[in-house]
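# A closer look at the structure
Each chain is listed here by its residues.
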Amino acid sequence: MSTVVKKNIHFKIDGKEVSAPEGTVILEACKQQGYEVTNLCYNRKLKPFAACRTCMVETWTNGKKELVYSCTQPVADGIEVKTNTEETDRYNKACLEMLLVEHPLDCPICDKSGVCPLQDNTDALKLYNGRFEINRRNEPSIKTNPIIEFYMNRCIMCGLCVRACDETQGVQALDFHKRGMKVGIGTANDEPLDCEFCGQCITVCPTGALMDMTSGARGLAAMFTNTHTTCNYCSWGCTVRLESKKGQVLRIEGDEGYNVGINEGNLCAKGRFGHGIIHNQDRIKAPLMNFGGTFKEVTWDEAIKTIAERFQSTVNRSGPDSIAGIGSEKMTNEEAYLFQKLFRGHFGSNQVTNLANLRAPYVNQFMVDCFKNGIHSKPVTELERADVVLVFNSDLPSEYPVGGNSIRKGAVFTGTDIIIANPRYVIFNNEARTDIRLTYTHGADLAIASRLARIILDKNLVDTAKIKAAVPNFDKWAESLKPYSASEAEKMTGLPDEILTQAAERFARKADRFIIIGNDILDTGQGEDVLKALLNLSILVHSGGKGSISIYPPREHCNSQGVNDMGVTPDSLPGYQSPEDPAALDALAKEWGVASLKFSTENLARDLFGNCVKGKIKLLYVAGEDPVQSYYKAALAKEALQTVPFLVVQDVFMTETAKMADIILPISTFAEKDGTYTNMTRHVQKVASATLPQGESKPDFDILLEIAEALGKPFPVASVEEVQQEIERVVPIYRETLPGDESKQWMPAGFAAKAEFQICQPYNGTKEEKAYPFRLQTSNHMFHIGSYTQHAKALVDIGPQCFAQIHPEDAEKLKLQEGDHIVVESENGKVEVAVKTSYVTAPGMVYIPKNWPEVPVNQLRNGQEGLVPIKVSKTG
Ligand code: SF4
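Now for a quick tour of the structure. (Residues numbered from 1 in each chain as written. Predicted model: local features only at pLDDT ≥ 70, side-chain atom pairs only at ≥ 80, totals over all residues. Heavy atoms only, no water.)

## Describing the overall build of the protein
When you go through the protein residue by residue, the secondary structure sums to 28 helices and 33 strands. Relative to the 2.2 N^0.38 estimate, which gives 29 Å for 876 residues, the radius of gyration of the protein is 28 Å and therefore close to what a compact globule would have. Along the first, second and third principal axes, the C-alpha atoms of the protein reach 85 × 65 × 65 Å. Here the protein holds 876 residues, and the buried ones make up 61% of them. A separation of at least 24 residues holds for 73% of the contacts in the protein among residues at least 6 apart in sequence. Looking at the protein as shown, the accessible area adds up to about 33,900 Å², and 50% of this sits on carbon and sulfur atoms. (Helix = DSSP H or I, 4+ residues; strand = E, 2+ residues; numbered from the N terminus. Rg over C-alpha atoms; globule rule 2.2 N^0.38 Å. Buried < 20%, exposed > 50% of the residue type's maximum accessible area, 1.4 Å probe, protein only. Contact = heavy atoms within 4.5 Å. Areas by Shrake-Rupley, 256 points an atom, 1.4 Å probe, with all protein chains shown as cover.)

Set out below in structure tokens:
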């Protein structure tokens, strides 16, 4: 909630006393109070527009009547609003009649039929016979891009698509074109649509003028079965509506209803068009067993029995620590909980982890340190009411696209200040009055966060005496900021101090603040210190400033947060309890019905792949991950999987990792299972099945139950609900958040309070390397994440090819043209890729997305910490 407090306005609607915050338009107030007012062009996420003129109401002030458009007129103290009077109906009807002159009567084959406000309003105003002569448009449908169809005959010129594209997405790919009777919606010069393909235009279009071509199905909305669930791609955690027909999930929509999830119906291309992974021919169809290098189909019974026997014999022979598991950041919470329970409860092995934790265990510690300092962070639904948002090394439209939508809304409706700190000049168009860009030297993240803190201190922008009293090691920490003087910081970051000062002042003022951190900080080589420095910045305003601070750990996948919450990490039991805490172990043993729990103190999972190579791990169970493709030490991961005597992999598709397995189990996608995911801001949200498991696949949940049963020790819980009840008993922070229907944020409890600044290592800069003059930057592409999206046809259609992005000045020096092929080489390996030039990329940097198996950028890094020095040469 913004620190700017809005007055509550008291007024009447149709005789009832109501109130609404100052600035609320009458139409919105009516909706919130359950009064129906006809309208076609209003959307609470967008600025008032008043295009359709069908929302007229009467207002009465001191006995004086006025007819006003309710979508633009704000509420006022003491007025009475009258909806649906004889006079307003007459006006609204006249405007609607004119729209219907052009509108085709093809409702039976229209995607919006049944959820169409034009139908609803026509019915509400009883406008069954118009007075005007029908004059339909007769334009062909436009299909010049792979996924959005334009059928302008149905367009009512409400402008919602144009405004959503501009205000929500910041893209402006659509606009009104031509004039008078010929006016229409389209792209500049009728070029094929080339945008972020978020599809918000489809959601907001009331009439089916813009349609999703990826579904391959048309027709009445009522013919589809709707399932509300949570997107399975990034960690933002959008609620999606899976629309299915005859057991097939055909399309995905956002739900703009009130209090549905955290995203107000906004989705990105991945969430909306990434359903191609569900009914997909390339899925692993049946359990496979490796016979001397050849995979043969086996029955589930055979596969499960073999796995159980190998588990048992390995533990008997080599002890519990010889078995290890990598849990997926795409498993549900319930599956993740059972996964670690299988290892810990059945075998006494604490060797469970997940790929994110394996690389950066400090991310969990950062979150816990925030709690210890009393920084609990607000629900992310408050982001749109922030006074200031600091986006730290995240390319929002690619990494957390819908987070970007909320921030843009805040800029329009709350006046949010936006500060974007990034070594790339990332595109984030928005309407903020204050939009500060800190485009710093590649790798200087720590210096930026530290300099901002020092400016706040030096300029007394917070109450230092208060902080000193609250945080014991203040002096020591303040001393550690000495190297970040204005002149030194300028050398480190390449930024003049004025702009950093401006950012520090906006951040430190009385404000509700949010910090959104990108996963790219992990590649700086000082990720842990960058997080500490951002926490210090937060402690500074938390302890000595006015307002609030919310800061979330960077997470990548849909359940990267939950898999850690559920204890799929060797460092903590479910709920971040210590695996060395006797009381926690006793409580868990009691719950799990085992005599006692005690784990060896050897943390083999901390260097899991290294310990596979050393022969300490004899059985590795990889559940839904592809470390060969996605882990930053790709060669080590590959060697580990080759070395480990028995490898089980369960996944949806045949990955590079699966190809190395002894047994492969086909698992179901998110659309075929039930449970919950927890997003990066700790909102626990429902996952609901919209179709049956495809082929012979099974949800991870069922597989884990079957393995436990084959071991002769079945879990006493058999349903998702029962596991949720157990989670609530074992993980106190999850109490009253499950089953997740309402998207509740879990609140920290049981974390010992300890106010403490984090002392960081000094910023270590980057060294010049003549042989490798460029630095590599990698992250997820706007249309791809993880290993699944390359199987979603629509996403491949709009994001078909990997490319290396190079600054135009560097391209000129290297005599490279757009589309040329280059070899990018580090000391660790090389890849070949096409070139794109862009001013988004900084000079000296080469940006390559990490989502194409044929361009394995992780091999360039291969475990190297920090920015990877590379060289570039033209092929041929
Ligand atoms: Fe899914 Fe993330 Fe896109 Fe939301 S922003 S639709 S969670 S991929």
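## Digging into the site of the ligand
Taken together, the neighbourhood of the ligand is formed by Cys231, Tyr233, Cys234, Gly237, Cys238, Leu267, Cys268, Lys270, Gly271, Pro401 and Val402. Listed by contribution, the elements that provide at least two residues to the shell around the ligand are α6 (269–273) and α12 (401–413). (Near = heavy atom within 4 Å.)

## A short note on the side chain of Thr168
With respect to the helices, strands and loops of the structure, Thr168 is situated in helix α4 (residues 160–168). Here Thr168 is in contact with Leu46, Arg163, Gln200, Asn266, Asn405 and Arg408, once residues within four sequence places are set aside.

## A closer look at the pattern of salt bridges
Where side chains of opposite charge bring their charged atoms close, a pairing between them can arise. Enumeration according to the criterion identifies 46 salt bridges in this entry. A salt bridge links Glu431 to Lys47; the nearest nitrogen and oxygen atoms lie 2.7 Å apart. Of the two residues, Glu431 is situated in the loop between β18 (417–422) and β19 (435–439) and Lys47 in the loop between α1 (26–32) and β3 (56–61); the sequence distance between them amounts to 384 residues. By relative accessible area, which is 33% here, Glu431 ends up partly exposed. (Salt bridge = Lys/Arg side-chain N within 4 Å of Asp/Glu carboxyl O.)

## Observations regarding the sheet that holds β19
Strand order in the open sheet made by the five strands is β19-β18-β17-β20-β21, with parallel pairing throughout. The two strands at the open ends of the sheet, each matched to only one other strand, are β19 and β21 (547–552). When the angles between neighbouring strand axes are averaged without regard to direction, this sheet yields 10°. Relative to β19, β18 is paired through five bridges, and the arrangement is parallel. Considered in β19, the bridge of Ile418 is made with Asp435. Its contacts with the sheet put helix α17 (residues 497–508) on β17 (388–392), β18, β19, β20 (511–517) and β21, and the angle it makes with β19 is roughly 130°. Taken strand by strand, helix α18 (residues 527–544) contacts β17, β20 and β21, and its axis lies near 165° from that of β21. (Pairing = 2+ DSSP bridges. Axes fitted to C-alpha atoms, helices over the stretch in contact; angles between N-to-C directions.)

## Let's talk about the sheet that holds β3
Strand order in the open sheet formed by five strands is β2-β1-β5-β3-β4, and the pairing between neighbours is mixed. At either margin of the open sheet sits one strand with a lone partner, and together these are β2 (16–21) and β4 (64–69). Adjacent strand axes in the sheet meet at a mean angle of 35°, parallel and antiparallel pairs treated alike. Where β3 lies against strand β5 (residues 80–82), three bridges are found, and the strand directions are antiparallel.

## Considering helix α24 (residues 700–710)
Here α24 has its buried residues at Asp700, Phe701, Ile703, Leu704, Leu705, Ile707 and Ala708. Buried residues along α24 sit in contact with α7 (300–318), α8 (333–347), β22 (619–623), β23 (646–651), β24 (663–666) and α25 (720–730). Phi turns positive, to about 80°, at Gly712, one or two residues after α24.

## Comments concerning the side chain of Ser377
By the element assignment, Ser377 lies in the loop between α10 (362–372) and β17. Among the polar contacts listed, one links the side chain of Ser377 to the backbone nitrogen of Ile551, at a separation of 2.8 Å. With residues near it in sequence (within four places) discarded, Ser377 still touches Ile549, Ser550, Ile551, Tyr552, Arg682 and Gln745. (Polar contact = N/O pair within 3.5 Å; in protein donor to acceptor, adjacent residues only side chain to side chain.)

## Description of unusual backbone geometry
Note the cis peptide between Leu738 and Pro739, where omega equals 5°. Take Pro739: it is sitting in the loop between α25 and β27 (744–745). Despite not being glycine, Asn460 has its phi angle at roughly 50°, a positive value. A residue is classified by how much of its surface remains accessible, and Asn460, at 57% relative accessible area, is exposed.

## Focus on the packing of α10 against α18
Two quantities define a packed helix pair, namely the angle between the axes and the distance from one axis to the other. The contact between α10 and α18 brings their axes to 10 Å, and the two run at 15°. Classified by the interaxial angle, the pair formed by α10 and α18 is roughly parallel. Crossing geometry of α10 relative to α18 is assigned as right-handed. Along the contact surface, α10 presents Tyr362, Val363, Phe366, Asp369 and Cys370, while α18 presents Gly527, Glu528, Leu531 and Leu535. For the contact of α10 with α18, the residue count by class is six nonpolar, one polar and two charged. (Parallel < 35°, antiparallel > 145°, perpendicular 65-115°, else oblique. Left-handed = near helix turned anticlockwise from the far one by under 90°. Nonpolar A, V, L, I, M, F, W, Y, C, P; charged D, E, K, R; others polar.)

## Observations concerning the pairing of β17
The buried fraction of β17 is high, at five of five residues. Because side chains alternate across β17, one face comprises the buried residues Val388, Leu390 and Phe392, and the other comprises Val389 and Val391, equally buried. As paired elements, β17 and β18 share five bridges and run parallel to each other. In the sheet register, Val391 faces β18, and the bridge partner there is Ile420. Where β17 lies against β20, five bridges are found, and the strand directions are parallel. In the strand pairing of β20, Val389 is matched with Phe514.

## Describing the packing of helix α20 (residues 582–592) against α25
Where α20 meets α25, the axes come as close as 11 Å, and the angle between the chain directions of the two elements is 155°. Classified by the angle their axes make, α20 and α25 are roughly antiparallel. For α20 against α25, the interelement crossing comes out right-handed. Only Glu726, Arg729 and Val730 of α25 make contact with α20, whose side of the interface consists of Leu588, Glu591 and Trp592.

## As for the packing of aromatic side chains
By the definition in use, this model includes 22 aromatic pairs. Between Phe339 and Phe343, the ring centres sit 5.3 Å apart and the planes meet at 55°, which makes this aromatic pair tilted. Of the two residues, Phe339 and Phe343 both sit in helix α8, four residues apart, roughly one turn of that helix. Like Phe339, the residue Phe343 is buried in the burial classification. Plain terms: the ring middles of Phe474 and Trp477 are 6.2 Å apart, the flat faces sit at 65° to each other, and that makes the pair edge-to-face. Highlighted residues: Phe474 and Trp477, both in helix α15 (residues 474–480), separated by three residues, approximately one helical turn. No difference in accessibility class separates Phe474 from Trp477, as the two residues are buried. Over the ring of Tyr788 we find Lys330, and its NZ or CZ is 5.1 Å from the ring centre. (Phe/Tyr/Trp six-rings, centres within 6.5 Å; stacked < 30°, edge-to-face > 60°. Lys NZ or Arg CZ within 6 Å of the ring centre and 35° of its normal.)

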